[in-house]
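A structural walkthrough
For reference, the chains in residue letters:
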Amino acid sequence: MAQPVKRNYSVGIILSPDDDVLLQKKGRGYPWKSSESWIKSNELWVPSSKGSYYFGLFGGGMKEGETLEQTFAREKKEEGLELLSGEAIPFLSQEFAERTDSRNREGTINYSVVRFDGNIKNFRDKEAAGLVLACEEEICGYFGGLIFKPNLDAILILYDSLKKGTFQI
């Protein structure tokens, strides 16, 4: 297997007023997908089976010289979320490593939380097959196995922090 691509990422967890998470539905051609669940194997998260769809958060890889804020602003524009005007509040950074048959990557994912008005009709995501708002119960249930495991963990940590009052937005 090729050497891992090392890259840091800036990712936004976008919350509605009801604390629903805005997810992007990735299409069949998306290279980082799973329809079942992610499993930890030798400290790496790998898909337990390949599937047709995958739900992701918003953001992407940092380019040389970019700050986290600049990366997230660029990604919002690239993904068609320019109308998202809420402030991105830094929340969590976590290291990850991921291996699939065709890709090999690792780095740090830097999560920020952004509030929006809950109206997804104003967004025209350029990179997704669709958008969905998912509540905590849906994230823990149906969508849980369809979200990249480190992103799922970050969402669950956010929900726990909001409940405990250790993070406010």
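What counts and how
- Residues numbered from 1 in each chain as written.
- Predicted model: local features only at pLDDT ≥ 70, side-chain atom pairs only at ≥ 80, totals over all residues.
- Heavy atoms only, no water.
- Helix = DSSP H or I, 4+ residues; strand = E, 2+ residues; numbered from the N terminus.
- Expected span 1.5 Å × (residues − 1).
- Buried < 20%, exposed > 50% of the residue type's maximum accessible area, 1.4 Å probe, protein only.
- 1 Å grid on protein atoms, 1.4 Å probe; cavity = no way out; pocket = protein on both sides within 12 Å on 5 of 7 lines; lining within 4 Å.
- Points joined across faces, edges and corners; volume = space filled by probe spheres on them.
- Nonpolar A, V, L, I, M, F, W, Y, C, P; charged D, E, K, R; others polar.
- Core = buried A, V, L, I, M, F, W, Y, C linked by side-chain atoms within 4.5 Å.
- Contact = heavy atoms within 4.5 Å.
- Phe/Tyr/Trp six-rings, centres within 6.5 Å; stacked < 30°, edge-to-face > 60°.
- Lys NZ or Arg CZ within 6 Å of the ring centre and 35° of its normal.
- Salt bridge = Lys/Arg side-chain N within 4 Å of Asp/Glu carboxyl O.

Here helix α3 (residues 149–164) spans 22 Å end to end across 16 residues, near enough to the 22 Å set by a 1.5 Å rise per residue. Listed as buried for α3 are Pro150, Asn151, Leu152, Ala154, Ile155, Leu158, Tyr159, Ser161 and Leu162. Just downstream of α3 lies glycine 165, where phi reads positive at about 80°.

Quick look at the layout of surface pockets now. Quantified by volume, the second largest pocket comes out at close to 190 Å³. Every residue lining the second largest pocket is counted, 15 residues in all, and those nearest its centre are Ser10, Leu68, Glu69, Ala88 and Ser112. For the lining of the second largest pocket, the elements supplying multiple residues, two or more each, are α1 (68–78), β8 (89–99) and β9 (104–115). In terms of residue count, the dominant contributor to the lining of the second largest pocket is α1 (five residues). Across the lining of the second largest pocket, the residue classes break down as eight nonpolar, five polar and two charged.

Our next topic: the nonpolar core. Counting 27 residues, the largest nonpolar core has Ile13, Val21, Leu23 and Ile139 as its most contacted members. At the level of elements, β2 (9–15), β3 (21–26), β6 (54–56), β8, β9 and α3 are the ones that each hand at least two residues to this core. The leading source of residues in this core is α3, at six residues. Ignoring sequence-local partners within four residues, the contact set of isoleucine 13 consists of Val21, Leu57, Tyr111, Ser112, Val113, Val114, Ala154, Ile155 and Leu158.

With that settled, consider the packing of aromatic side chains. Evaluation of the coordinates by the stated rule reveals five aromatic pairs. When the ring of tyrosine 9 is compared with that of phenylalanine 96, the centres are 5.6 Å apart and the planes differ by 65°; the resulting orientation is edge-to-face. Of this pair, tyrosine 9 sits in strand β2 while phenylalanine 96 sits in strand β8, placing them 87 residues apart in sequence. By relative accessible area, phenylalanine 96 is classed as buried at 7%. Pairing tyrosine 142 with phenylalanine 143 gives two aromatic rings, centres 5.0 Å apart and planes at 75°, and the pair type is edge-to-face. On the accessibility criterion, tyrosine 142 (61% relative accessible area) is exposed. Among the aromatic residues, those joined into a cluster by ring pairs are Tyr9, Phe96 and Phe148. It is arginine 105 that lies over the ring of phenylalanine 148; its NZ or CZ is 5.6 Å from the centre.

Inspection of the entire model under this criterion finds eight salt bridges. The shortest N-O distance in the salt bridge between glutamate 66 and arginine 74 comes to 2.7 Å. Relative accessible area serves as the criterion here: at 16%, arginine 74 is assigned to the buried category. Ionic pairing is found between lysine 164 and aspartate 160, a salt bridge with its closest N-O pair at 3.1 Å. Separated by four residues within a single helix, lysine 164 and aspartate 160 lie in helix α3, roughly one turn from each other. A residue is classified by how much of its surface remains accessible, and lysine 164, at 59% relative accessible area, is exposed. Accessibility expressed as a relative area gives 35% for aspartate 160, which makes it partly exposed. Through salt bridges that share partners, Glu66, Arg74, Glu75 and Glu78 make up one connected network.

The backbone of aspartate 19 sits at a positive phi, close to 65°, despite the residue not being glycine. Position of aspartate 19 among the secondary structure elements: in the loop between β2 and β3.

Take α1 next. Given 3.6 residues per turn, any residue in an α-helix points the same way as the ones three and four places further on. Every buried residue of α1 is listed here: Thr71, Phe72, Arg74, Glu75 and Lys76. Check the buried side of α1 and you find it contacts β2, β7 (58–61) and β9. A positive backbone phi angle near 80° is found at glycine 80, which sits one or two residues after α1.

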